[in-house]
Amino acid sequence: MQQKYHIVTYGCQMNVHESEKIAGILQEMGYVSTDQKEDADIIVFNTCCIRENAENHAFGNIGALKKLKREKPNLLIAVGGCMTQEKGKTDVLKKKFPFIDIMFGTLNLEQLGELILRKKSQKKKVIEIREKEGEIVEFTNAYRTSYPNAWVNIMYGCNNFCSYCIVPYVRGRERSRKPEHIIAEVKGLVEAGYKEITLLGQNVNSYGSDGSTGMTFAQLLDAVASIEGNFRLRFMTSHPKDFNKDVVDVMEKHRKIMRLVHLPVQSGSNTILKAMNRRYTREKYLEEIQMLKERFPEVEVTTDIIVGFPGETEEDYLQTEALVKEVDYASAFTFVYSPRQGTKAAEMENQIPEDVQKDRIMRLVELVNSLTRQKSEKYVGKTIEILCEDYDEKKDLCMGRDEFGRMVYFKSAKESIGQFVKLKITRANGISLYGERVEE
Ligand code: 5AD
Ligand code: SF4
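Definitions and limits used
- Residues numbered from 1 in each chain as written.
- Chains lettered and ligands numbered in written order.
- Predicted model: local features only at pLDDT ≥ 70, side-chain atom pairs only at ≥ 80, totals over all residues.
- Heavy atoms only, no water.
- 1 Å grid on protein atoms, 1.4 Å probe; cavity = no way out; pocket = protein on both sides within 12 Å on 5 of 7 lines; lining within 4 Å.
- Points joined across faces, edges and corners; volume = space filled by probe spheres on them.
- Helix = DSSP H or I, 4+ residues; strand = E, 2+ residues; numbered from the N terminus.
- Nonpolar A, V, L, I, M, F, W, Y, C, P; charged D, E, K, R; others polar.
- Domains from an automatic or database assignment.
- Expected span 1.5 Å × (residues − 1).
- Buried < 20%, exposed > 50% of the residue type's maximum accessible area, 1.4 Å probe, protein only.
- Arc of directions from axis to C-beta.
- Contact = heavy atoms within 4.5 Å.

A. Structural detail: empty space enclosed by the protein. Within the structure shown, the criterion is met by two cavities of 30 Å³ or more. By volume, the largest cavity is sized at about 240 Å³. With three residues, the single largest contributor to the lining of the largest cavity is helix α1 (residues 13-28). Taken together, the residues of the lining of the largest cavity sort by class into seven nonpolar, four polar and eight charged. A domain-level breakdown of the lining of the largest cavity finds at least three residues from each of domain 1 (4-128) and domain 2 (146-258). Here the second largest cavity is characterised by a volume of approximately 70 Å³. Every residue along the wall of the second largest cavity is listed here: His 17, Lys 21, Val 137, Glu 138, Phe 139, Ala 142, Val 152, Asn 153, Tyr 156, Arg 177 and Glu 185. Those elements that place two or more of their residues in the lining of the second largest cavity are α1 and β7 (149-153). Class assignment of the residues belonging to the lining of the second largest cavity gives a composition of five nonpolar, two polar and four charged.

Given below as structure tokens:
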């Protein structure tokens, strides 16, 4: 009988795609996928450590396997991802969960197959973490699970050291993939029928800034958008300190590039931006938004915001609210600041009490939701094009997204997945929209 794997993923799109690479490794070893962890022969946790609750979530789920492991001693449990890269974390994991068989990190993902074989030949657990990033390893066999969307790394790591963020510590320094590898991957995906390609990096605008690729991000974007075929192109994440006119020029040149930009602002207060080491001001950020809106009147912007950063006063917070209203975001990911060991901000003295943080996040979420709701209402009656991404069996409806990432439900057969469909929006419900197919 074929051996089965089950992968549990936490965190961002980067991790989702890395789980596809992990799945590729396991498939090559002859494993097949299962949704049920009870049926699995190997369970892999791809962890995240960006906020404390992401870690707690993983701790809870790994801990819950104790019984299953006792019942199935041959079950292999592997833990990888950002958490194992944190200083001292493998010791914590080892102590807390002695039944873990394999630990690996973000910087040696490609070794997983070898580590599994090693574990099978020895009783001792296998812990292999690389401290420093090495050469980029090209994965050609990611097992993609999100058709018609595909994620393509253009770079790894981060050099920015925003004072709250643990990413530079667990993903190493910035390094960019060669343009020819990226272009070949996207060509292959388009030929295979993928309809939406997202270029991924912690800070895509600094692609090639070390001179190793012979191309800037704008040039790469131009080259990728020039690939023939009917597909949408997106990129994330842009850093406001590096986002520039060259990228906007390329966007203008290619209608394939969606008029949706994810531009994390983090805070609307210059004092807090400085303490966060973001290296741009509120004014510079707003200039970039202005430039985007002037070029593309229909443009939508999404963002990430942190509230309750050390030293954030009510006045600072209100500046964030004012900026959110001014930009009029399509949506925003909002977070309560979470101190991460080893980062500068965790050492700052003026940490904000939890009740104040909670109050601010509630007010901000309400504001963001009200903007999204208002935008939803404006959709009603319009005809838009969506890419059908999924079929919801319970609802017996298909789900698609427009170029601005808006989810729309509509009646159609499962076979519509992967097709561009014209819909008339009939109703809005919170952030979700409902539509009907219009004949072309
Ligand atoms: N606490 C809260 N949010 C954080 N982020 C990164 N680090 C932290 C932290 N320590 C948020 C930022 C970033 C997003 C991916 O996660 O908003 O853009
Ligand atoms: Fe973290 Fe800042 Fe790098 Fe983004 S740019 S990963 S927030 S350090």
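From this point, things continue past the structure.
B. Spotlight on helix α12 (residues 282-295). Helix length check: α12, at 14 residues, gives a terminal C-alpha distance of 20 Å against a target of 20 Å (1.5 Å per residue), a fit within 8%. Within α12 the residues assigned to the buried category are Arg 282, Tyr 285, Leu 286, Glu 288, Ile 289 and Leu 292. The buried residues of α12 all sit within an arc of 155 degrees when viewed along its axis, so they share a single face. The exposed residues of α12 that point more than 90 degrees off its buried face are Glu 287 and Glu 294. Buried-residue contacts for α12 involve α10 (245-253), β12 (260-262), α11 (270-275), β13 (300-307) and α13 (314-327).

C. Representation of unusual backbone geometry in the model. In this chain, Tyr 147 is followed by Pro 148 through a cis amide linkage whose omega measures 10 degrees. Following the sequence through the fold, Pro 148 ends up in the loop between β6 (126-128) and β7. Geometrically, the link from Met 236 to Thr 237 is a cis peptide bond, its omega value of 10 degrees lying close to zero. As for its placement among the helices and strands, Thr 237 is situated in the loop between β11 (232-236) and α10. At Gln 266, a position not held by glycine, the phi torsion is positive, near 70 degrees. Here Gln 266 shows up in the loop between β12 and α11. The residue Asn 277 is not glycine, and still its phi comes out positive at about 60 degrees. Counting through the fold element by element, Asn 277 comes out in the loop between α11 and α12. Overall, Asn 277 belongs to the partly exposed group, its relative accessible area being 29%.

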